[in-house]
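Geometric and topological summary
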Amino acid sequence: MGSLADLTRGGLLYGGDYNPEQWSREIWRQDVAAMREAGVTLVTVGVFSWALLEPERDRFELAWMDEVLDLLHAGGIAVDLATPTASPPPWLALEDPETLPTDASGHRLHHGSRTHYCPSSSTYRERAQIITQVIAERWVSHPAVVLWHVNNELGTTCWCPRCGRAFRGWLERRYGTVEAVNEAWGTTVWSQRYTSWEQISPPLRAPYLLHPGLTLDYRRFTSDALRELYRSERAVIRAVDPARPVTTNFMGFFAGVDYRSWAGEIDVISDDSYPDPADPDAPSQAALTHDLMRSLAGGPWLLMEQATSAVSWRGHNVPKTTARMRQDALRAVAHGADGVLSFQWRASPTGPERFHSAMLPHAGTDTRVHRAVQELGRDLRALSAMAGTDVHAEVAILFDWSSWWAAEEPAVPSDRLRVLPQLRAWYRPLWEAGIGVDVVDPHADLARYRLVLAPQLYLLDDEAVTNLRGYLARGGCLALGPFSAVADGNARVRTGGFPVPFADLLDASGEEWWPLPEGGAGLVPDAVGPTSLGTGHAETWAERLRLHGPGAVCELRFEGGDLDGEPALVRSRDGGLHYLATMPDAALLKRWLLGLLARRGIGPAHRVPAVPDGVEVAQRGPFTLVINHRPTEVDVPLSTPHLDVLEDVEHVDHVHLSPGGSIVLRKALP
Ligand code: GAL
Ligand code: ZN
């Protein structure tokens, strides 16, 4: 079976979504010529072409696509050929309205947009398989096709009666009996006990809060149902083509699907990334998402979609400067992407995305954006040796979709303690220091990590507890953030002093969650502990903890407020387990995390001795990406001579960057 490595023998991939069905033959020719000029090597074709490939049931019009593929091939451009199943044609919706999804109020949605499919519709699935079969058979031997692309951003949640039936089947396979479901969810609360399968529905809108056991399992079910759609199309492709790899594009930290449970079935992990140029935190958030993708892939992944400039789906769409576009692309590569593709090649004059940027804007080739696109093509060619290289990470951040889902149900102590903001807050200091980080499953083998961070891991099932305790027993170091290890695998609160599964190792435990009133609380180093952490502030969250015995070392205490003098940060005496029962200000959080790195002897793999503020550094294999986010020039020190890979010059002890500039260095041979 093929993999990304088969596609990147010639270097990094470059290109975008290409929607030739929107254009005339004359334009196709111009497109291929301009793609060649821009250094494009791979385009995704066919994502939204169902209505053109099959204008009516079982009548297929495929010749136009033959022509497109031939033209691309003649131009030396490879194709990621998509199944068009993300947007069924209007005739299918009218022929069988049950192919359409239903919302949480039980109302069926209409066609006229895209992603209007119910994952449980047998008609939808059958028609999706048929069009997939037609496409696979027609173009299996086409020399342009190097990758198959199933659907697009699979992610539709549906609450229809068919999904309800499928959900009950899913529950039956998981739990066996209705009694076991009652037991797992704890349905004695609010008189929700079920006495037959038929009584269980999707979590449709109800007068008040839904049962968190039901909603969690419905999310798990939906993720599995969508994976089943992927699998069913992949099976059709595989039967026709056992060789070429198959992908489907992810959406980063997307809440609708547990990508980790999908990753093993996807030959090329690919992601769509749209960092907001107006958000100062976007670069570090994008880097974290890239690290998630690399971790899901266990190596290089593909940036399937990004924007060359503005998107059109935010309220206010700030464009990317040329420098910003280059930064975003190079960052993805530095975090393991083996290619950069954009949505889309040529800007659409019609449709909802008529104001979305493209590689070739409405204004044509003689434009800032298109020149930047050509330049990026040249840069990526010059960086071809980066393809296939590794990112070395000694730090793992634990992240789990079930935990995310369960933590963000309503009616928790505070809706201000959110999973992604916590993850991002803990990641940011590591990103600022240019430290390699993997984003991993709490069930994963953690032996290779010197430090494991769990910024917010609310739900932790018994296997994951055993895994983490095993990691600690073998000398690992685990830092748990607030409100972690609270619930078991069924989202049932673990009873006892928290963090219940680790309190014995900590020799301390908590008894009350304490969201802070206005003004928050101070944080001060404990008198007997190391004072290097300094003082700080907690605005939002606290917990009431108690130390039990000499096994616990208190490093920070609350100052002022209701918990004055109580522990806020505790670790086990051996330094293995750390429990932070609050959300400190960014500066204190940074001091603490950098202190943990120092204790564990973890340093960056790059050779930038002190990364200046406002400078981003990322290391991939022997390559170092340096980005200057400052509005002014900056000198970045180097501890050893480096070659500037793009400019082909040597920098001995520092490198100079213009405002917004990014460079890629490689350690010079002695
Ligand atoms: C993605 C989608 C593309 C395009 C893009 C615009 O979510 O896959 O088809 O809509 O967003 O940013
Ligand atoms: Zn449905």
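Residues numbered from 1 in each chain as written. Chains lettered and ligands numbered in written order. Predicted model: local features only at pLDDT ≥ 70, side-chain atom pairs only at ≥ 80, totals over all residues. Heavy atoms only, no water.

For the rest of this paragraph, the subject is the overall build of the chain. The number of helices and strands found in the chain is 18 helices and 27 strands. Computed over its C-alpha atoms, the radius of gyration of the chain comes to 26 Å, within 12% of the 26 Å expected for a compact globule of 670 residues. Overall size of the chain, expressed as C-alpha extent along the three principal axes, is 75 × 75 × 40 Å. When the 670 residues of the chain are sorted by exposure, 60% land in the buried category. Look at the contacts in the chain between residues 6 or more apart in sequence, and 72% of them connect residues 24 or more apart. Here the chain displays about 25,800 Å² of accessible surface, and carbon together with sulfur accounts for 52% of that area. (Helix = DSSP H or I, 4+ residues; strand = E, 2+ residues; numbered from the N terminus. Rg over C-alpha atoms; globule rule 2.2 N^0.38 Å. Buried < 20%, exposed > 50% of the residue type's maximum accessible area, 1.4 Å probe, protein only. Contact = heavy atoms within 4.5 Å. Areas by Shrake-Rupley, 256 points an atom, 1.4 Å probe, with all protein chains shown as cover.)

If you walk across this open sheet you meet the 9 strands as β5-β4-β3-β2-β1-β9-β8-β7-β6, and the pairing is parallel. What marks the edges here is a single partner per strand, and that holds for β5 (246–247) and β6 (249–250). Sheet topology places strand β4 (residues 145–149) next to β5; 2 bridges connect them, and they run parallel. Across the sheet, residue H149 finds its bridge partner in β5, namely T247. Those strands touched by helix α13 (residues 368–382) are β1 (13–18) and β9 (337–342), and its axis lies near 140 degrees from that of β1. (Pairing = 2+ DSSP bridges. Axes fitted to C-alpha atoms, helices over the stretch in contact; angles between N-to-C directions.)

The subject of this paragraph is the site of ligand 1. Taken together, F48, R114, N152, E153, D272, Y274, E305, W313, F343, E353 and H356 make up the full set of residues near ligand 1. One of the side-chain nitrogen or oxygen atoms of R114 is found 3.0 Å away from an oxygen atom of ligand 1. Relative to its unbound accessible area of 310 Å², ligand 1 is 95% covered by the protein chains. (Near = heavy atom within 4 Å. Polar contact = N/O pair within 3.5 Å; in protein donor to acceptor, adjacent residues only side chain to side chain.)

Turning to the sheet that holds strand β24 (residues 642–644), a few remarks are in order. The strands that make up a sheet are held in pairs by hydrogen bonds between backbone atoms, and each pair lies either parallel or antiparallel. Taken together, the 5 strands give an open sheet; going across it, the order is β21-β22-β27-β24-β25, and neighbouring strands pair in antiparallel fashion. Both outer strands of the open sheet, β21 (615–620) and β25 (649–651), are each paired with one neighbouring strand and no more. Averaged over all neighbouring strand pairs, the angle between strand axes comes to 30 degrees, with direction disregarded. When β21 meets strand β22 (residues 623–628), the two strands line up antiparallel, connected through 6 bridges. Following the sheet pairing, V615 is matched in β22 by N628. Of the strands in this sheet, β21, β22 and β27 (662–667) are in contact with helix α12 (residues 322–334), which crosses β22 at around 150 degrees.

Below, the discussion takes up the nonpolar core. Core analysis: the biggest nonpolar cluster contains 136 residues, and L72, L81, L453 and W592 have the highest contact counts within it. When neighbours within four sequence positions are excluded, L453 is seen to be in contact with V395, A396, I397, L398, W426, L430, A479, L593 and L596. (Core = buried A, V, L, I, M, F, W, Y, C linked by side-chain atoms within 4.5 Å.)

Where nonpolar side chains cluster on the molecular surface, the patch consists of V189, W190 and Y208 and spans about 380 Å² of accessible area. Structurally, W190 can be placed in the loop between α8 (178–185) and α9 (212–240). (Patch = residues over 30% accessible without salt bridge, like charges linked within 9 Å, V, L, I, M, F, W, Y side chains within 5 Å. Salt bridge = Lys/Arg side-chain N within 4 Å of Asp/Glu carboxyl O.)

Turning to the coordination of the zinc ion (ligand 2), a few remarks are in order. Only C118 (SG), C158 (SG), C160 (SG) and C163 (SG) from the protein reach the zinc ion (ligand 2) as donors, at distances of 2.2 to 2.3 Å. Taken together, the 4 donor atoms coordinating the zinc ion (ligand 2) span angles of 100 to 117 degrees at the metal, a pattern that classifies the geometry as tetrahedral. Counting gaps between the donor residues of the zinc ion (ligand 2) yields the pattern C-x39-C-x1-C-x2-C. Of the two residues, C160 and C163, both sit in the buried class. (Donors = N, O, S within 2.8 Å, 3.2 Å for Na, K, Ca; no water. Tetrahedral: all angles 85-135°; square planar, octahedral: opposite > 155°, others 65-115°.)

On to empty space enclosed by the protein, then. It is a probe the size of a water molecule, rolled over the atoms, that shows where empty space is left. Per the stated rule, a full pass over the model turns up 4 cavities of 30 Å³ or more. If you add up the space inside the largest cavity, you get close to 140 Å³. What lines the largest cavity is a set of 16 residues, among which G434, I435, G436, A618 and Q619 lie closest to the centre. Listed by contribution, the elements that provide at least two residues to the lining of the largest cavity are α15 (419–433) and β21. Considering every element that reaches the lining of the largest cavity, the biggest residue donor is β21, with 4 residues. Here the residues of the lining of the largest cavity sort into 9 nonpolar, 5 polar and 2 charged. (1 Å grid on protein atoms, 1.4 Å probe; cavity = no way out; pocket = protein on both sides within 12 Å on 5 of 7 lines; lining within 4 Å. Points joined across faces, edges and corners; volume = space filled by probe spheres on them. Nonpolar A, V, L, I, M, F, W, Y, C, P; charged D, E, K, R; others polar.)

Think of it this way: side chains of opposite charge can pair up when their charged atoms draw near. Applying the stated criterion to the full structure yields 40 salt bridges. Across the pair D379 and R326 runs a salt bridge whose closest N-O atoms are separated by 2.2 Å. With a gap of 53 residues between them, D379 in helix α13 and R326 in helix α12 connect regions that are remote in the sequence. Between D338 and R620 there is a salt bridge; the shortest N-O distance is 2.7 Å.

The next thing to look at is the environment of E67. Inspection of the secondary structure assignment puts E67 in helix α4 (residues 63–74). Classification of E67 as partly exposed rests on a relative accessible area of 26%. Taking C-alpha positions, E67 is 9.4 Å from W28, a pair spaced 39 residues apart along the chain. Not counting residues within four places of it along the chain, the set of residues in contact with E67 comprises R25, W28 and R29.

Bringing the domain arrangement of the chain into the picture now. Interface size, as often reported, equals the accessible area lost upon joining of the parts. Domain annotation of the chain identifies domain 1 (1–11 + 269–388), domain 2 (395–599) and domain 3 (615–667). Taking the mean C-alpha position of each, domain 1 and domain 2 sit 34 Å from one another. Listed per partner, the contact involves 12 residues of domain 1 and 9 residues of domain 2. When the area that domain 1 buries against domain 2 is broken down by residue, the three leading residues are S284, L288 and L292, summing to 45%. Counting the contacts that link domain 1 with domain 2 gives 2 salt bridges. D438 is the partner of R294 in a salt bridge, and the nearest nitrogen-oxygen pair spans 2.9 Å. In this structure, the connection of domain 1 to domain 2 is made through 6 residue pairs in polar contact (both at pLDDT 80 or more). (Domains from an automatic or database assignment. Buried area = accessible area lost by both parts, 1.4 Å probe.)

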